[in-house]
Amino acid sequence: PYQEEALTPVKLAIVGTPGVGRHTLADQFRQDPQRPQSNTQTVVLISDLDSEDWVNAAELIILVLDAAATDYSQERALAKKWADTGKKCLAFINKIDLLGNQPIKFDSLGWEMEHVLSGSAIDSDFLQREFVPVVLGLLTERHLALGRQFPLFRVAIAHKLINDSCFANAVYSLSTGVAEVVPIFDIPLNLADMVVLTKAQAFLVYKLG
């Protein structure tokens, strides 16, 4: 099941007008921040604002906008349409570095989606700090596939897998530790601890691999 989950393609769509940084963002998805020389060729749908048929099949739509633009009316209309149909969407206002990293007032843009980020697609620190966690939150059931196919997300997903495994092991150890104070339960539960916890660690290593 883990292998099947990891190999199932993640359908991402990056939508926007030409020149807003769609290809730059897609290239960042394919690059490992820990190993810049290593990248993948995973397919990402890059679409214009009027190409809706392909976009509607995506699991996550990332709407990219130029921070220097003055009219977002078409993008806002699309965002509302996607929100009304229950699509998972993220608005990313790109190239904010060209404006001196001045904050943008999201409320004044009138977006009808929960997640709106502003930053730069070439800023790896921003992507790891703000962009990656939002995407992981939107695709909670797709982390193994997302990490395998898009190196940008691997470090954050690895940390989450480790944390989840540590928490599950701690809860299990606490529950059996209470019973192990009773001498008659001590030996069989110690053996069970070794089997269960070792198996959990093996699954963790397999997922990371």
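Because the structure is predicted, anything quoted here is derived from the model rather than measured.

Scoring rules and cut-offs
Residues numbered from 1 in each chain as written. Predicted model: local features only at pLDDT ≥ 70, side-chain atom pairs only at ≥ 80, totals over all residues. Heavy atoms only, no water. Helix = DSSP H or I, 4+ residues; strand = E, 2+ residues; numbered from the N terminus. Buried < 20%, exposed > 50% of the residue type's maximum accessible area, 1.4 Å probe, protein only. Areas by Shrake-Rupley, 256 points an atom, 1.4 Å probe, with all protein chains shown as cover. Pairing = 2+ DSSP bridges. Axes fitted to C-alpha atoms, helices over the stretch in contact; angles between N-to-C directions. Contact = heavy atoms within 4.5 Å. Salt bridge = Lys/Arg side-chain N within 4 Å of Asp/Glu carboxyl O. Core = buried A, V, L, I, M, F, W, Y, C linked by side-chain atoms within 4.5 Å.

Enquirer: Could you give me a rundown of the overall build of the chain, with the residues and numbers involved?
Expert: Tallying secondary structure elements over the chain gives eight helices and seven strands in all. Buried positions account for 38% of the 209 residues belonging to the chain. Accessible area of the chain: about 11,900 Å², with a carbon and sulfur share of 58%.

Enquirer: Go over unusual backbone geometry, please, and point to the residues and values.
Expert: In terms of backbone geometry, most residues other than glycine have negative phi values and most peptide bonds are trans. For Lys95, which is not glycine, the phi dihedral falls at a positive 65°. With respect to the helices and strands, the residue Lys95 is situated in the loop between β6 (89-94) and β7 (116-118). With a relative accessible area of 23%, Lys95 lands in the partly exposed category.

Enquirer: I'd love a proper account of the sheet that holds β7, names of residues and values included.
Expert: Spatially, the five strands line up as an open sheet ordered β4-β1-β5-β6-β7, and their pairing is parallel. Sheet topology places β4 (45-47) and β7 at the edges, where each strand pairs with a single neighbour. Strand-to-strand, the axes of this sheet are offset by a mean angle of 20°, without reference to chain direction. Of the strand pairs in this sheet, β6 and β7 are connected by three bridges, and their pairing is parallel. Each bridged residue has a counterpart across the sheet, and for Ile93 the counterpart in β7 is Ser118. On top of the sheet, helix α4 (residues 73-84) reaches β1 (12-15), β5 (60-66) and β6; it is set at about 165° to β5, its chief contact. Sitting on the sheet, helix α5 (residues 124-138) touches β5, β6 and β7, and the angle it makes with β6 is about 165°.

Enquirer: Kindly report on the pattern of salt bridges, identifying the contributing residues and their values.
Expert: Taken as a whole and judged by the stated rule, the model has eight salt bridges. Salt-bridge contacts for Arg22 lead to Asp48; the nearest nitrogen and oxygen are separated by 2.8 Å. Within this pair, whereas Arg22 is found in helix α2 (residues 22-29), its partner Asp48 is found in the loop between β4 and α3 (52-55), the two being separated by 26 residues in sequence. Between Asp164 and Lys160 there is a salt bridge whose closest N-O contact spans 2.8 Å. Remark: Lys160 and Asp164 occur in helix α7 (residues 154-179); sequence separation between them is four residues, near one turn of the helix. On the accessibility criterion, Lys160 (37% relative accessible area) is partly exposed.

Enquirer: Lay out the nonpolar core with the relevant residues and their values.
Expert: Core analysis: the largest hydrophobic core is formed by 34 residues, its most contacted members being Leu25, Phe29, Phe131, Leu146 and Phe153. At the level of secondary structure, the elements contributing two or more residues to this core comprise β1, α2, β5, β6, α5, α6 (143-149) and α7. Sort the elements by how many residues they give to this core and α5 lands first, with eight residues. Not counting residues up to four positions away in its chain, the partners in contact with Leu146 are Val10, Leu12, Val135, Leu136, Leu139, Phe153 and Ile157. Leu49, Leu65, Trp82 and Ile93 belong to the second-largest nonpolar core, a separate cluster that totals 18 residues.

Enquirer: Residue-level account of the environment of Val64, with values.
Expert: Inspection of the secondary structure puts Val64 in strand β5. For the pair Val64 and Arg22, spaced 42 residues apart in sequence, the C-alpha separation works out to 6.6 Å. When neighbours within four sequence positions are excluded, Val64 is seen to be in contact with Ile14, Val15, Gly16, Val20, Arg22, Leu25, Phe92 and Asn94.

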